[in-house]
Amino acid sequence: MRVKYWQIAMTGALMAGLAACGSESETPADPTVEQELAANPDMPAGIRVAEGAWLSLPAVPGNPGAVYFSMINASNSDATVVAVDVTGAGNAMIHRTVMTEGTASMTDMDEIIVPAGKTVSLRPGEMHVMAMQLDPSLEVGGETEATVIFANGDKASFPVLIRSAGDPGS
């Protein structure tokens, strides 16, 4: 008889585990994530940009600025960003900083792959968006907008805080 009760208990536990897996949504049940997704309905399902995206204005006017942000992919499939537009920039390009024999240089990137269930961060000295031909009306403390364009044609915009060159932010 003991074996039968043990088998029933294990079967119940297994069924509960399977039911929980089947009810899992593409996005975490984090209220902050749900609020951000609701606030930005044009984001593809399961994709969000974390708060705190920022544009570093150049130290020398006329030079390019750089945009930094983190993209979270809570979906079940990889997302591929093929371009980023920045309001107030003549054009923008995805770059990666590369160190070669102690010298930093930048290389163009054709895409940013955000793996399913992962976060990809664009940070100073690493991956970033170069924003060229900046409009002089972009001022420290203001805000602009960036739009990521995905390989499947989806587009999603988000606010970008404008900071001065060298401002490490919060």
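You'll find the structure just up there.
What counts, and where the lines are drawn
- Residues numbered from 1 in each chain as written.
- Predicted model: local features only at pLDDT ≥ 70, side-chain atom pairs only at ≥ 80, totals over all residues.
- Heavy atoms only, no water.
- Helix = DSSP H or I, 4+ residues; strand = E, 2+ residues; numbered from the N terminus.
- Buried < 20%, exposed > 50% of the residue type's maximum accessible area, 1.4 Å probe, protein only.
- Contact = heavy atoms within 4.5 Å.
- Pairing = 2+ DSSP bridges.
- Axes fitted to C-alpha atoms, helices over the stretch in contact; angles between N-to-C directions.

Here Ala165 is to be found in the segment after strand E12 (155–163). On the basis of relative accessibility, which here comes to 37%, the residue Ala165 falls in the partly exposed class. Along the sequence, Ala165 and Ala59 sit 106 residues apart, while their C-alpha atoms lie 5.2 Å from each other. Those residues within four positions of Ala165 in sequence are excluded, and the remaining contacts are Ser56, Leu57, Pro58 and Ala59.

A word on the sheet that holds strand E9 (residues 119–121). Spatially, E1-E4-E9 is the arrangement adopted by the three strands of the open sheet, whose pairing is antiparallel. Two strands lie at the open edges of the sheet, namely strand E1 (47–49) and E9, each paired on one side alone. Each adjacent strand pair in this sheet contributes to an overall mean axis angle of 15°, direction not counted. When strand E4 (residues 70–73) meets E9, the two strands line up antiparallel, connected through three bridges.

Now for the sheet that holds strand E11 (residues 143–150). Judged by pairing direction, the sheet is mixed, and its nine strands sit side by side in the order E7-E6-E10-E3-E2-E12-E11-E5-E8 without closing on themselves. The two strands at the open ends of the sheet, each matched to only one other strand, are strand E7 (103–108) and strand E8 (112–114). Shown here is a sheet whose adjacent strand axes are inclined to one another by a mean of 40°, direction ignored. In terms of strand pairing, strand E5 (residues 79–86) meets E11 through five bridges, oriented antiparallel. Looking across to E11, one finds that Val84 is bridged to Val148.

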